[in-house]
Amino acid sequence: MKRPQLKELTLREKVGQTVCVRENMLTDIPDLSEYLKKYPYGCIWAMGNQLNDTENTGEETDKNGKATGKAYLKTTKKLMAATKIPVLMVGNTESGFSSVFPELTHNMGQMAVSAADDEELIYQQAAAIAREMKASGVQWKWSPNIDIDDLHGHSAYGRSYSGDPDQIIRCAIAAVRGTQSEGVAVSIKHFPGKDGVDYRDSHFASTFNMQTREEWEKTNGRIYREVIEKSDPWAIMVGHQGLPCVDNTKMPNGSYIPSTLSYKVLTELLKGELNYKGVVITDAIGMGALYTHMPESELYVHLLLAGNDMILGPTSQATDNYIDYVEQAVLDGRIPESRIDDACERVLQMKENMGMFREDFGLDLTITPELLEKTHEIEAKLAAKALTLVRDDGMLPLKKENIRKVLIAPVAYFPEFDEAMQYTGKLLEARGIQVDYMYPTELDKWAYVKTMTDMSQYDLVLCGSYLRAHRPVGFPGYNYYHQRFIQFMQTHCNNKLVTVAYGAPSIYFNYFTNTGKTFIAAYDYTKELQEAVVAALFGEIPFQGKCPFTLIPEYFRNNSFT
């Protein structure tokens, strides 16, 4: 297929390239191929095969009844063939694509990758994730996240690489190069970056980067300049946080203008001073930091005028209306057609970079055991290098002959984590160890006297914690049951307690600085990291990782309790 020229496209077709619609907004469309001729969307957000494709219904389904990546690839090919400009499938893949297609690899997230600090392995992991995505018909990912996180892992909710700009730059360049080497596009995010102080979530609240221009240039500005210059990311996602040192315009509610609505931030700074030539895509427009400012249809006009090239995620009430509304806004003179042309041209260039206009572009990868095994090998190498021993009071390595019975105590808001921890149990059982499980909500069922007696039967209590972005929603902290559970373990099991942070390691300072014999940062709960934890506990492999965050805030570092 030859890349179309702008003059060969209708205004409607050009406008279509400026939007990415949510897959679950298309579930009731009886014939998507015909629908896309009327609404020629440039991009669809893959969310777990919720498309209405009768050809694949009941075929290759997973345990939840959703079509697998293998079946989804058929749908993607069908939709690409139905449109003059191939539709692009995209997904959120900060920890791989298993959240969309469970048969794919659960890859360790950016915290663990950064702790391993091996640029070649980071490159290899990114390329492996890209291959699995392509084998499922998805060609664009919204990562890596290059926000600065220097609130000991809190300000970016465990989604970023580090609080150190230099480390972020190294990791991001390797990840971008690895992904794009396989013809899969990235979106580095969230421009213009976080200030490391405002920990609030833009899904719910207006957030701001309150750095001075000089501070921004030394940190976020340097990160984006170097990553752009040295890896040429094909897309950048813009966050809704304001950057008043560049644009201090006030919105009607008195807050600073979100960066997604700022011409000064996007067109003058990003596209002008930083000379960025790729696609600029908004973060999801239904987030509270943006959506509360004006009606959605008016948002489209202001977002495009600010310099966004693609609008992410019109709501259910507005999906069908986007192309109609923006097309009319151009005809009415509210949006210059030259702005639409520029945005469309950038999207077409990204699609050309990915090979989507080649005659031999057939999405011919398939999900095979060999493909997944290659990813596993890379993950295992990263896991061995990422695992970090934060504290040990002489408890490690464990002697196998002394560990006969272990209690595993998961503490999380995420049922999938509780289930995942059973894999650690199986690893221990394979070593001839008996394993029991206990959960926070069960604590009230145990009378204290009986519990104290029962706890004496265990040689080791393994507390697995999982706090990170959206687990829970908002600032990551434990609830009443969690805190009581942790206090109970610290009171009755402290001399045999090993705590493993399978999410944000910030829990160390908040809950464990003066309790517990051993604290390990694993950063994620992939099978490979669980294997590394068990092996390291028994001294079979060394701890090699270095935590990429400052776990003890500077103010407290010299206090004796640390």
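Residues numbered from 1 in each chain as written. Predicted model: local features only at pLDDT ≥ 70, side-chain atom pairs only at ≥ 80, totals over all residues. Heavy atoms only, no water.

K.L.:
An account of the overall build of the protein chain is requested, with residue identities and associated values reported.
P.N.:
A tally of regular secondary structure across the protein chain gives 19 helices and 14 strands. Buried positions account for 62% of the 562 residues belonging to the protein chain. Nonlocal contacts in the protein chain, meaning residues at least 24 apart in sequence, comprise 76% of its contacts between residues at least 6 apart. (Helix = DSSP H or I, 4+ residues; strand = E, 2+ residues; numbered from the N terminus. Buried < 20%, exposed > 50% of the residue type's maximum accessible area, 1.4 Å probe, protein only. Contact = heavy atoms within 4.5 Å.)

K.L.:
Please provide a residue-by-residue account of the nonpolar core, values included.
P.N.:
By size, the foremost hydrophobic cluster in this structure holds 105 residues, and its most contacted members are F191, M489 and Y502. Here this core gets eight residues from one element, more than from any other, and that element is helix α6 (residues 165–180). Apart from the residues within four sequence positions on either side, Y502 is in contact with F417, M421, T424, G464, S465, Y466, A522, Y523, D524, Y525, Q530 and V533. (Core = buried A, V, L, I, M, F, W, Y, C linked by side-chain atoms within 4.5 Å.)

K.L.:
If you had to explain the sheet that holds strand β14 (residues 518–521) to someone new, which residues and values would you point to?
P.N.:
Here we have six strands laid out as an open sheet, ordered β9-β14-β13-β12-β10-β11, and mixed in their pairing. Single-partner strands in this sheet number two, and they are β9 (388–392) and β11 (434–437). This sheet shows a mean twist of 20° between the axes of neighbouring strands, independent of strand direction. Looking at chain direction, strand β10 (residues 405–412) and β11 are connected through four bridges and run parallel. (Pairing = 2+ DSSP bridges. Axes fitted to C-alpha atoms, helices over the stretch in contact; angles between N-to-C directions.)

K.L.:
Outline unusual backbone geometry, listing residues and values.
P.N.:
For the peptide bond that leads from K189 to H190, omega is 0°, which places it in the cis range. Counting through the fold element by element, H190 comes out in strand β5 (residues 188–191). The backbone phi angle of N275 is positive, close to 55°, even though this residue is not glycine. Locating N275 in the fold gives a position in the loop between α8 (263–273) and β7 (279–282). The partly exposed category is assigned to N275, whose relative accessible area is 45%.

K.L.:
Would you mind going over the pattern of salt bridges in detail, with residue names and values included?
P.N.:
Within this structure, the stated rule accounts for 31 salt bridges. Across the pair K37 and E34 runs a salt bridge, and its minimum N-O distance is 3.1 Å. Here the residue K37 and the residue E34 both occupy positions in helix α2 (residues 32–38), the gap between them amounting to three residues, near one helical turn. Taking relative accessible area as the criterion, K37 reaches 54% and is therefore assigned exposed. When its relative accessible area of 45% is taken as the criterion, E34 is described as partly exposed. Between D342 and R346 there is a salt bridge; the shortest N-O distance is 3.3 Å. Placement of both D342 and R346 in helix α12 (residues 337–353) is noted, with a separation of four residues, approximately one turn of the helix. (Salt bridge = Lys/Arg side-chain N within 4 Å of Asp/Glu carboxyl O.)

K.L.:
Give me the lowdown on the side chain of S160, citing residues and values where you can.
P.N.:
Looking at the element boundaries, S160 is found in the loop between β4 (140–141) and α6. Here S160 is in contact with Q110, M111, N145, I146, D147, I148, D149, I168 and F549, once residues within four sequence places are set aside.

K.L.:
Quick rundown of the packing of aromatic side chains? Include the residues and the values.
P.N.:
All chains considered together, the criterion is met by 19 aromatic pairs. Summarising the aromatic geometry, the rings of Y35 and Y39 are spaced 4.9 Å apart at their centres and angled 35° between planes, so their arrangement reads as tilted. Both residues of the pair, Y35 and Y39, belong to the buried class. Between the aromatic rings of F191 and Y224, the centroid separation amounts to 4.9 Å while the plane-to-plane angle is 90°, which identifies the pairing as edge-to-face. (Phe/Tyr/Trp six-rings, centres within 6.5 Å; stacked < 30°, edge-to-face > 60°.)

K.L.:
A description of the side chain of T375 should follow, citing residues and the corresponding values.
P.N.:
Among the secondary structure elements, T375 is positioned in helix α13 (residues 369–386). A polar side-chain atom of T375 sits 3.3 Å from the main-chain carbonyl oxygen of L371. For T375, the residues in contact, after removing those within four places along its chain, are T105, N107, A128 and E132. (Polar contact = N/O pair within 3.5 Å; in protein donor to acceptor, adjacent residues only side chain to side chain.)

K.L.:
Tell me about the environment of A112, and name the residues and values.
P.N.:
Along the chain, the position of A112 falls in helix α4 (residues 110–116). The buried category is assigned to A112, whose relative accessible area is 1%. It is 7.6 Å that separates the C-alpha atoms of A112 and L387, two residues lying 275 residues apart in sequence. Setting aside residues up to four positions removed in sequence, A112 forms contacts with A386, A522, Y523 and L529.

K.L.:
How would you sum up the sheet that holds β7? Please name residues and give values.
P.N.:
Strand pairing in a sheet relies on backbone hydrogen bonds, with the paired strands running either antiparallel or parallel. One open sheet accounts for three strands, arranged β5-β6-β7; its pairing is parallel. Unpaired on one side and paired on the other, β5 and β7 mark the two borders of the sheet. Along the sheet, successive strands turn relative to each other by an average axial angle of 30°, direction set aside. Sheet analysis places strand β6 (residues 235–238) next to β7, joined by four bridges and oriented parallel. Along β7, the bridge assignment pairs M237 with I281. Of the strands in this sheet, β5 and β6 are in contact with helix α7 (residues 213–231), which crosses β5 at around 150°.

K.L.:
Quick rundown of the environment of S465? Include the residues and the values.
P.N.:
Here S465 is to be found in strand β12 (residues 460–466). Note: C-alpha distance between S465 and A521 (56 residues apart in sequence) is 9.8 Å. Those residues within four positions of S465 in sequence are excluded, and the remaining contacts are V411, F417, Y478, V500, A501, Y502, G503 and I507.

K.L.:
I'd like a description of helix α17 (residues 480–492), backed by residues and values.
P.N.:
Compared with the 18 Å implied by 1.5 Å per residue over 13 residues, the 18 Å span of α17 between its first and last C-alpha is a close match. Measuring from the side-chain oxygen of the N-cap residue of α17 to the backbone nitrogen of Y481 gives 3.0 Å; that N-cap residue is N479. (Expected span 1.5 Å × (residues − 1).)

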